[in-house]
2 protein chains.
Amino acid sequence: MSDYGRSNDPKAQLSGLRDQIDELDQQLVELLAKRAKVTTQVGQIKSQTGMPTYVPEREAQLIESRRQQALALGVPPDLVEDLLRRIMRESYLTQNSEYRCATEKGTKIAVIGGKGALGKLMVGLFERSHYDVVVIDKDEWPDAQRLLTGVKLCIVAVPIKQTVNIIKTLSFLDDDCVLADITSVKQAPLDAMLEAHTGPVVGLHPMFGPDAPGMVKQVVIVCHGRSAQQYEWLLQQMVIWGAQLHKSDASVHDADMAYIQVMRHFTSFVYGAHLHAEDPDLASLIAHSSPIYRLELAMVGRLFAQDPNLYADIIFDNTENLALLKRFRTRFDEAIALFEANNKAQFVEQFRHISQWFGDYAKACLVDSKQLLLKADDDRMLRKK
Amino acid sequence: MSDYGRSNDPKAQLSGLRDQIDELDQQLVELLAKRAKVTTQVGQIKSQTGMPTYVPEREAQLIESRRQQALALGVPPDLVEDLLRRIMRESYLTQNSEYRCATEKGTKIAVIGGKGALGKLMVGLFERSHYDVVVIDKDEWPDAQRLLTGVKLCIVAVPIKQTVNIIKTLSFLDDDCVLADITSVKQAPLDAMLEAHTGPVVGLHPMFGPDAPGMVKQVVIVCHGRSAQQYEWLLQQMVIWGAQLHKSDASVHDADMAYIQVMRHFTSFVYGAHLHAEDPDLASLIAHSSPIYRLELAMVGRLFAQDPNLYADIIFDNTENLALLKRFRTRFDEAIALFEANNKAQFVEQFRHISQWFGDYAKACLVDSKQLLLKADDDRMLRKK
């Protein structure tokens, strides 16, 4: 700090302090390089011995020790925790060049639709876990029966529209082959699998997009079909990859999906259609938005960067969705009627009932979304046009 | 790394490596403590000389240098950038114990509604910038005329419902007093200010909530009223606080607000009302959601942790909103009709038109929201219930 004392020129002082900051930041990068070397070794040991990648207790203890140290040194503990979590996220990615195989090494498995986005991710994980992976996509499909001979696991990872039809053809699998799918609806594929195949069956729904960095910390919904002991090794494999398994009933799962997925897609679509028809200046809209509204607008905008056919399938292929959305429209009409009658009192009362229904979750959402916006702000996200 | 070689027991090896990680993380916390000392000095120099808190070029150069170093050392540059931005966010907070006064020190100003959330934030900023701040809230209101004598700036920071009525009474301000408001609508308050007061007038809309950590990097919309030279110092003061000013027309601003604020609040309300009426199990819904759906649900849920009266005022107090929302309902009906007719082709075509309307923004939203979810994941946000 001696440079700071020497000069009375604020600009020179500032320049000296900035040099000190640069020097400290250099040390930070060097520290990260050293840390990455150590965590790579940790990853090697874990993959050789099959220890799980993600150990919540170790993570919690590591963070707590550093929070205590931060407090003692007058550094904000939340800052230290945020930094450590970000560093650990990266180290999970680089740690996992390979994984222990939960069953016999070289076991032959197949991924149908293995060239699609999520299919590719599954293929990569199995290959890095020493499986012999057969990839079956459009080109290989005519030869599927031959290719699937002797596989111990067949995962159906084709688009939702084709899932049931593909499954129906899979009557020729070996009796000890596990049949699984990873579609975002579960009841229909599960029924089809149980009908087509006599061996072990399990429905899976990985709750993340194909752009997720592997399976570490991700939730996978597991819907039981048949012979749980025989597919247990598959569940174990996902735990080795870091997944958090969540057993569920297929019909409950599907009803929940309608409430979340279908309703959100549909309202985002209508919201986008409305903006398009009204045609305000989008750049001005974004400039006039606070971070929270930019995030809300972004949640609509992101839909329209994706494949319309996928969303058409998700919304249209289930007639129960129509009844749900019609009831949704009724609520829309009721709210408009409140507005037309200028009935604020009724609006406020209904609002309070809904708040009670959400309970503590609403508060948690408010806190989480604020935290999230601060992070978005760090990166100057959601500011563009 | 020598410990690692010595043992053949994987558990002992792992334990040795973890000690090394703890040692490196300790050094990280020490580094942060040193860095905070230096940035505090930077803050002192900046506040003494009135240099702006936020200097985008310095920030960009600092990050770029460290990204280059990271590349050279095999550390992911994005990791380094994320960490530095998080560290800098904290240092903006701790740097600013005081600010240079953009006009004469001790200038008397008043904040009406200065005990409200956003009012308090404004009072704090002015006080830390060496102003003599008069706080006027309900209790002081009867004595307002006397308290406002001689103030050079009067900021109206009361709830939106009261803004215009409060402004109408402010006919007694000194001629050289700047009259400003910070309401989220601009046209009506601006008109009222120009009518009530003959001196300089400016409408402001700080695009952030009262929970924002100061004004650093935040956008403030500025709507010109009268005598720009005379309120120029107020704008300068906000720049010193780190704000990014964005000049706008009041009517354009208000129309944009209706598209974003009113439409979002209204649809979130209807969405919540629908969930409440359908009454699915919320915990199961959350468990069955992928991170992106949890975020979407959170954007609805957060509304219901807030004051219903505020939202009733925002939505109901502008009759143009009703016409907008009725047109919105028409689009809802049209989309339902597409679904009923099972007209996927038309849905896909309309989807494509909307995509074109959003243009590059949709893609940017998709990328941003993915990044944001990774950050949410670091903190295990949006997982609770």
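Within every chain, residues take consecutive numbers counted from 1 along the sequence as written. Both sets of labels track the order of writing: A upward for chains, 1 upward for ligands. Whole-chain, interface and lining totals are the exception, using all residues; otherwise, since this is a predicted model, local features are given only for residues with pLDDT of at least 70 and side-chain atom pairs are given and counted only at 80 or more. Values shown for side chains rest on all heavy atoms present in the structure; no hydrogens or waters enter the calculation.

### Here's the deal with the overall build of chain A
Phase 1: For helices the rule is a DSSP run of H or I covering at least 4 residues; for strands it is a run of E covering at least 2, with both sets numbered from the N terminus onward. Secondary structure assignment for chain A yields 16 helices and seven strands.
Phase 2: Along the first, second and third principal axes, the C-alpha set of chain A runs to 85 × 70 × 40 Å.
Phase 3: Taken across its 385 residues, chain A has 59% of its residues classed as buried.
Phase 4: Across chain A, the fraction of contacts at a sequence separation of at least 24, relative to all contacts at a separation of at least 6, is 66%.
Phase 5: For accessible areas, the Shrake-Rupley method is used with a probe of radius 1.4 Å. Any residue's cover is judged against the shown protein chains and nothing else. Total accessible area computed for chain A in this model is approximately 15400 Å², and 50% of it derives from carbon and sulfur atoms.
Phase 6: Only four residue types enter the tally: Lys and Arg on the positive side, Asp and Glu on the negative side, with His and both chain ends excluded. We put the charge of a Lys on NZ, of an Arg on CZ, of an Asp on CG and of a Glu on CD. Considering chain A, the positive charge centre built from 44 side chains and the negative charge centre built from 50 side chains are found 3 Å apart. When accessible area is computed with a 1.4 Å probe and restricted to protein chains, residues below 20% of their type maximum are described as buried, those above 50% as exposed, and intermediate ones as partly exposed. Here, two residues are considered to be in contact whenever any of their heavy atoms come within 4.5 Å of each other.

### Description of the interface of chain B and chain A
When the parts of a complex come together, some accessible area is lost, and that lost area is often taken as the interface size.
Phase 1: Every contact between the two is made by 175 residues of chain B and, on the other side, 176 residues of chain A.
Phase 2: For the chain B and chain A pair, buried surface summed over both sides reaches about 18400 Å², with 69% attributable to carbon and sulfur atoms.
Phase 3: Three residues, His288(B), Phe339(B) and Trp357(B), lead the burial of chain B against chain A; their summed loss comes to 5% of the area buried on that side.
Phase 4: Notably, a salt bridge pairs Glu278(A) with Arg327(B), separated by 2.5 Å at the nearest N-O pair.
Phase 5: Within the side of chain B that touches chain A, the residues separate by chemical class into 91 nonpolar, 37 polar and 47 charged. Two parts placed together each lose some accessible area under a 1.4 Å probe, and the buried area is that loss summed for both. Put simply, a salt bridge is a Lys or Arg side-chain nitrogen that is within 4 Å of an Asp or Glu carboxyl oxygen. All residues other than Ala, Val, Leu, Ile, Met, Phe, Trp, Tyr, Cys, Pro, Asp, Glu, Lys and Arg, Gly among them, are scored as polar; the first ten of these are nonpolar and the last four charged.

### A closer look at the sheet that holds strand S2 (residues 132-136) of chain A
All names here are of chain A.
Phase 1: The seven strands are arranged S2-S1-S3-S4-S5-S6-S7 in an open sheet whose pairing can be described as mixed. Each edge of the open sheet carries a strand with a single partner, namely S2 and strand S7 (244-247). Each neighbouring strand pair of the sheet contributes to a mean axis angle of 25°, computed without reference to strand direction.
Phase 2: For two strands to be treated as a pair, DSSP must find at least two bridges joining them. Across four bridges, strand S3 (residues 153-156) lies against strand S4 (residues 178-181) in parallel orientation. The residue bridging Ile 155 from the neighbouring strand is Ala 180, located in S4.
Phase 3: Fitted lines through C-alpha atoms serve as axes, helices being fitted only where they are in contact, and the angles separating the N-to-C directions of these axes extend from 0 to 180 degrees. On top of the sheet, helix H9 (residues 228-240) reaches strand S1 (108-112), S3, S4, strand S5 (201-206), strand S6 (219-226) and S7; it is set at about 170° to S6, its chief contact.

### What about the pairing of strand S6 (residues 219-226) of chain B?
Residues and elements named next belong to chain B.
Phase 1: Judged by how many residues are buried, S6 sits mostly within the fold: six of eight residues are covered.
Phase 2: The sheet contact formed by S6 and strand S7 (residues 244-247) spans four bridges and is parallel. In the sheet register, Val 219 faces S7, and the bridge partner there is Gln 244.
Phase 3: This β-α-β element, S6 to helix H9 (residues 228-240) to S7, shows right-handed connectivity. A clockwise path from the first strand over the helix to the second, with the strands pointing away from the viewer, defines a right-handed crossover.

### Examining the relation of the copies chain B and chain A
Phase 1: The atoms used to superpose the copies are C-alpha atoms, taken from residues with pLDDT of at least 70 in both, and the fit is least squares. With an RMSD of 0.1 Å, the fit of chain B onto chain A corresponds to turning through 180° and sliding 0.0 Å along the axis. Expressed as an axis order, the relation between the two copies is that of a two-fold axis. Ranked by how close their C-alpha atoms come to the rotation axis, the residues of chain B are headed by Leu83(B), at 3.0 Å.
Phase 2: An overlap of 100% is found between the interface residues of chain B and their copies at the interface of chain A, pointing to a shared contact surface.

### A word on the packing of helix H10 (residues 250-278) of chain B against helix H14 (residues 319-340) of chain B
Residues and elements named next belong to chain B.
Phase 1: Contact geometry of H10 with H14 gives a least axis separation of 11 Å together with a crossing angle of 65°. Our pair here, H10 against H14, has a crossing hand that is right-handed. Packed against H10, whose contacting residues are Ala 258, Tyr 259, Val 262, Met 263, Phe 266 and Thr 267, the element H14 presents Asn 321, Leu 324, Leu 325 and Phe 328 at the interface.
Phase 2: Split into classes, the residues belonging to the contact of H10 with H14 amount to eight nonpolar, two polar and no charged. In this scheme the handedness of a crossing depends on how the near helix is turned from the far one: anticlockwise by less than a right angle means left-handed, clockwise means right-handed.

### Considering helix H2 (residues 10-49) of chain A
Phase 1: A helix is expected to span 1.5 Å for every residue after the first. Counted at 1.5 Å a residue, the expected span for H2(A) with its 40 residues is 58 Å, and the 58 Å between its end C-alpha atoms agrees.
Phase 2: Positive backbone phi, at 75°, marks Gly50(A), one or two positions downstream of H2(A).

### Focus: the packing of helix H12 (residues 291-301) of chain A against helix H12 (residues 291-301) of chain B
Phase 1: Here H12(A) crosses H12(B) at 130°, and the two axes come no closer than 11 Å. In terms of their interaxial angle, H12(A) and H12(B) are classed as oblique. As H12(A) packs across H12(B), the resulting crossing turns out to be left-handed. Side by side, H12(A) and H12(B) meet where Ile292(A), Leu295(A), Glu296(A) and Met299(A) of the first sit next to Ile292(B), Leu295(B), Glu296(B) and Met299(B) of the second.
Phase 2: Here the contact of H12(A) with H12(B) is built from residues that sort into six nonpolar, no polar and two charged. With respect to orientation, any angle under 35 degrees is reported as roughly parallel, any angle over 145 as roughly antiparallel, any angle of 65 to 115 as roughly perpendicular, and every other angle as oblique.

### Side note on the sheet that holds S7(B)
All names here are of chain B.
Phase 1: Taking strand neighbours across the sheet as the criterion, the seven strands line up as S2-S1-S3-S4-S5-S6-S7 in an open arrangement whose pairing is mixed. Edge strands, defined here as strands with exactly one partner in the open sheet, are strand S2 (132-136) and S7. Pairs of neighbouring strands in the sheet enclose a mean axial angle of 25°, with direction left out of account.
Phase 2: Strands in contact with helix H5 (residues 117-127) are strand S1 (108-112), S2, strand S3 (153-156) and strand S5 (201-206); relative to S2, the strand with the most contacts, it is inclined by about 165°.

### Considerations on the environment of Leu325(A)
Phase 1: Tracing the backbone shows Leu325(A) in helix H14 (residues 319-340).
Phase 2: Those residues within four positions of Leu325(A) in sequence are excluded, and the remaining contacts are Val262(A), Met263(A), Phe266(A), Ile315(A), Phe332(B), Ile336(B) and Phe339(B).

### What to know about the pattern of salt bridges
Phase 1: Under the definition given, this model contains 36 salt bridges over all chains.
Phase 2: Of the charged contacts in the structure, one is a salt bridge between Arg67(A) and Glu81(A), with a shortest N-O distance of 2.6 Å. Taken together, the positions of Arg67(A) in helix H3 (residues 56-73) and Glu81(A) in helix H4 (residues 77-95) put the pair 14 residues apart, joining distant regions of the chain. Glu81(A) carries the same exposure label as Arg67(A), and that label is buried.
Phase 3: Linking Asp143(B) and Arg146(B) is a salt bridge whose minimum nitrogen-to-oxygen distance equals 2.6 Å.

### Notes on the state of the cysteines
Phase 1: Two cysteine sulfur atoms form a disulfide, by the criterion used here, when they sit within 2.5 Å. Under the definition given, this model contains zero disulfides over all chains.
Phase 2: The closest cysteine sulfur to the non-disulfide-bonded Cys223(A) is located on Cys154(A), 18 Å from its own sulfur.
Phase 3: Judged by relative accessible area, which is 1%, Cys223(A) ranks as buried.
Phase 4: Not part of a disulfide, Cys154(B) finds its nearest cysteine sulfur in Cys177(B), a span of 5.6 Å.

### Describing the environment of Lys375(B)
Phase 1: Looking at where Lys375(B) falls in the secondary structure, it is placed in helix H16 (residues 360-378).
Phase 2: It is 9.9 Å that separates the C-alpha atoms of Lys375(B) and Asp82(B), two residues lying 293 residues apart in sequence.

### Examining H3(A)
All names here are of chain A.
Phase 1: Taking 1.5 Å as the rise per residue, H3 with 18 residues should run 26 Å; its terminal C-alpha atoms sit 26 Å apart, in good agreement.
Phase 2: Regarding H3, the residues found buried are Arg 58, Glu 59, Leu 62, Ile 63, Arg 66, Arg 67, Gln 69 and Ala 70. Looking straight down H3, one finds its buried side chains confined to an arc of 165°; they lie on one side. Away from the buried face of H3 by more than 90 degrees, exposed residues Glu 57, Leu 71 and Ala 72 are located.
Phase 3: Phi turns positive, to about 75°, at Gly 74, one or two residues after H3. To be clear, the arc concerns the directions from the helix axis to the C-beta atoms.

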